[in-house]
Amino acid sequence: MQAQPLFSPRNPWFITSVIVTAAIALIAAGFGFIWLPLMERNTSFADVWTAICSAAGLTQSSPAPGVIVQPPARLSGVFLTASTLAPSDAVTIGRGATLALRCSMCHGARGLSQANSPNLAGQYAPAIYKQLQDFKSGARVNAVMSPLVADLTTQETRELADYYAYLPRPPSPQNGRVPEIVESGAPVRGIAPCGACHGPEGHKLGTPWLEGEPVAYLRAQLLAFKDGTRHNDINQIMRNVARQMTPAEIDAAAQFYGVRP
Amino acid sequence: MLASRRLILAHFWLAFGGFILALFLGAWQMFIRSPLHGWIGNPELYYRSVTAHGTMMAYVFPTLVAMGFGYAITEVSLGRPLTGRNWAWLGFALVALGTVVAIIPVGMGRASILYTFYPPMIANAAYYFGVVFVVVGSWIWVALTSINLRVWRHRNPGQPIPFAMFANTVGAYLWAWTSVGAAVEVLVQILPVALGLTTTINVALARVLFSWTLHAIVYFWLIPTYIAYYTIVPRAIGGRIYSEPMARISFVLFLVVAMPIGIHHLFMDPEVGQGFKFLHSVFTALVALPTLLTVFTISASVEIAGRLRGGRGLFGWLTALPWRNPLMLALAFSFVMLGFGGAGGLVNMSYQLDSSIHNTQWVTGHFHLIFAGAIVIMYFAIAYDMWPHLTGRALASIGLMRTQLWTWFIGMIVLTVPWHYVGILGMPRRMAFFDYSTPTTTAWAGWVDTSVAGGLIVLISGVLFIVVLIRGQLAPRVDPGQYRFSVAMHAPRTLPAALNSFALWVGLMLALTVTNYGFPIAHLIGLPDAAVPAIYIGGG
């Protein structure tokens, strides 16, 4: 045996296996690259070649948009990177302290509120900067804040952020066991753990530190995100989270982070 | 002729030692994500465990079984001691070293990326080096298989290659080509990122390259099982191989169609065109062919045994079979699980049906039923059959073996049927934590609990398996006689060249690789701006 050459047109094994394999591949390719794309109802191809290219995975440029749909409410236009804010120094902090005189009525003389307004002492500068910019642009609306920040320049919002970030942060409240929503989120409903962005486990650029904020303020903000009256979160991150949260979870998160005045 | 007993035994002990450790991890994972246990609080621990479980079970365990069993086949079927035994020990040492090097970063939490790598997640480089060592060790086995066959052919010109060796060589060549995809992904794409030479990676390309390996690796795991179907079971139950040429056709078909089908793992991936997805879907359907041929041939071979034992009539041969023989039990259980698993696989490979179960627990159930069920139960059978010949000691715990096989089978069914079902209900896979309290998820809870019970039974069965092997190791010495494989009813004295060599089938495999993978890979290599920033896990 072995006398008969393997790769020979007279070897029936060779001929049959090659022809059968090639036939299966060609017929499958005919179905997959021509017939099925042309059968698709929601796409129409200019010609067969375009259909083949599409089935092969070549990307096609999408048609130019006709009308750009505007969102119903003004959204945040703030773009933050690690280097958006220059490092603070004594001059910017001092100027921020002067500017902050107009804020002390609600946010306290040293950034600690007695009026269920947010405590700003020790807050991350990018978080304060972003909120001030959003109040200025109208992405976030508040009857008191909006007129107060309307005339602030971008430089002044940076100085205010630097000043409050410089003030010592109040000690973290000791609120017992970490609730599940803060520690683990609710993966099945797509809720990331609160703590992953807002502390104590982690921090993401532009998100505020929440420990020690007033309970009433935290609850009100979560409810505002939930019903969409607050909408300056980028890509709906907080609105998507808050919409999925149960009232009990909102309460648990607010109680955990918050302090009563 | 079994000259390299220590070599083969070393492969088996390392394989089964790793297997039992990984089995405990698997059972723990089932338990802590079920409603029976609260949230562990740190998902990282879970993914660490999954990575270790997958790395051991998918890379180390079956590779060592294929290598050890392969060396045994080479010696027994060719009737001469292994050529290059020192190289074989080097291969074994590489696999052992690779296992340790890979598992240490996993244990430290620096490689929690699951065994499928999932770029842009990037683990500590040591993990990838460990996996590379394991694969390189297995390549030594591939080379030795080929060299030993060549030496034998030189001395026996014109003779048909013994069937067991033919099948074993198919497994080796299939693995050699199959492992290339992931090897290229790791060496060319991932390691430069893990070593900090670059910080971005073309994920689409990496996934396509991994799919090259990901499906055919299952057939690499499967080949020792199929070899055992043909060469061990008929002999052990007193039957004959019904048709040896048919058996050879099954194996060469695996060589041709097992590999160019991997894109069916990427049905939901946007980077691959749907034309190629359809093409791979068609070829995946073809891979059922060698399995159906095998089921037919083995059923016929078993029927021969039943009739030789006095079975009469249409079904009388079934009751005449030696059902108390562990090998008979293992084969029957393996076939049942292969049947269920294969039926489920038809859903996975169908382009449209797949979308309803993609990334759900169905998929996890499927590959556990096929691999941990149908395939691994035959690994047990191989070990039981070879153990007396490897240790020179009797393996007397026949009752315990039967209990072990029964519990493995029952455990696997209780484990995987609910797994499939909750997958249909939409339960996602690869999650460390489930909240079973919402209306959509409450319905999963009871099924998941059942599945945990299955996992526990499987764990007990795994421990029993190790107990049987240890007792065999401590038993009094006996002369087990010569180890031999099944013979065919009509042993072929001559064979067509196509069924006595590999070039034609390897050629078809390479050709189909070009047609089914060539364009997607070339396209993704040439795609501009396709690289994304790496995400370093555990500090990289």
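(A) The overall build of chain A, seen in detail. When helices and strands are counted, chain A shows 12 helices and zero strands. Here the C-alpha radius of gyration of chain A, 30 Å, is well above what a compact globule of 261 residues would show, namely 18 Å. For chain A, the spread of C-alpha atoms along the three principal axes comes to 100 × 45 × 40 Å. Residue burial in chain A is summarised as follows: out of 261 residues, 30% are buried. Considering only residue pairs separated by 6 or more positions, chain A has 63% of its internal contacts joining residues 24 or more positions apart.

(B) Inspection of the interface of chain A and chain B at higher detail. In this assembly, 26 residues from chain A lie in contact with 34 residues from chain B. Of all the secondary-structure elements, those providing two or more residues to the side of chain A that touches chain B are helix 1 (12–39), helix 2 (48–56) and helix 8 (180–183) of chain A. Ranked by residue count, the leading element in the side of chain A that touches chain B is helix 1 of chain A, at 12 residues. For the side of chain A that touches chain B, the residue count by class is 16 nonpolar, seven polar and three charged.

(C) Looking closely at the domain arrangement of chain A. One can read the domain layout of chain A as domain 1 (12–56), domain 2 (90–166) and domain 3 (180–257). Its C-alpha centre places domain 1 of chain A at a distance of 64 Å from the equivalent point of domain 2 of chain A.

(D) Expanded view of the environment of Met56(B). Residues and elements named next belong to chain B. You can see Met-56 is positioned in helix 2 (residues 43–78). Residue Met-56 is classed as buried on the basis of its 25 C-beta neighbours within 10 Å. Along the primary structure Met-56 and His-280 are separated by 224 residues, whereas in three dimensions their C-alpha atoms are 28 Å apart. With sequence-adjacent residues up to four places away left out, Met-56 is seen in contact with Gly-18, Leu-21, Ala-22 and Phe-61.

(E) Summary view of the environment of Gly454(B). Structurally, Gly454(B) can be placed in helix 17 (residues 439–474). Other than its neighbours up to four places away in sequence, Gly454(B) contacts Gly411(B), Met412(B), Val414(B) and Leu415(B).

(F) The environment of Gln255(A), seen in detail. With respect to the helices and strands, the residue Gln255(A) is situated in helix 12 (residues 247–257). In this structure, the C-alpha to C-alpha distance between Gln255(A) and Phe14(A), residues 241 residues apart in sequence, is 76 Å.

(G) How the structure looks around the packing of helix 5 (residues 163–194) of chain B against helix 9 (residues 244–257) of chain B. All names here are of chain B. Two elements in contact, helix 5 and helix 9, have axes whose closest approach is 9 Å; the angle formed by their N-to-C orientations is 5°. By the angle class used here, helix 5 and helix 9 are roughly parallel. Taken together, the residues of helix 9 that come into contact with helix 5 (itself represented by Phe-163, Phe-166, Ala-167, Val-170, Tyr-173 and Leu-174) are Glu-244, Ala-247, Arg-248, Phe-251, Val-252, Phe-254 and Leu-255. When the residues that make up the contact of helix 5 with helix 9 are grouped by side-chain class, the tally is 11 nonpolar, no polar and two charged.

Conventions adopted
As a convention, each chain's residues are numbered from 1 in the sequence order in which they are written. All chains are assigned letters beginning at A, and all ligands numbers beginning at 1, according to the order in which they are written. In view of the model being predicted, local features appear only for residues whose pLDDT reaches at least 70, and side-chain atom pairs are presented and counted only at 80 or more, with totals across whole chains, interfaces and linings using the full set of residues. By the criteria applied, helices consist of DSSP H or I runs no shorter than four residues and strands consist of E runs no shorter than two, each listed in order from the N terminus. C-alpha atoms define the radius of gyration, and 2.2 Å times the number of residues to the power 0.38 defines the globule rule. Backbone-placed C-beta atoms define the burial measure: a residue is buried with 20 or more other C-beta atoms within 10 Å of its own, exposed with 12 or fewer, and partly exposed in between. Any two residues are considered in contact once their C-beta atoms, placed from the backbone, lie within 7 Å. Charged residues are taken to be Asp, Glu, Lys and Arg, nonpolar residues to be Ala, Val, Leu, Ile, Met, Phe, Trp, Tyr, Cys and Pro, and polar residues to be all remaining types, Gly included. Residue ranges for the domains trace back to a domain assignment, done automatically or taken from a database. Axis definition: a line fitted to C-alpha atoms, over the contacting stretch in the case of helices. Angles run 0 to 180 degrees between N-to-C directions. Oblique is the label for every angle not falling under 35 degrees (roughly parallel), over 145 degrees (roughly antiparallel), or within 65 to 115 degrees (roughly perpendicular).

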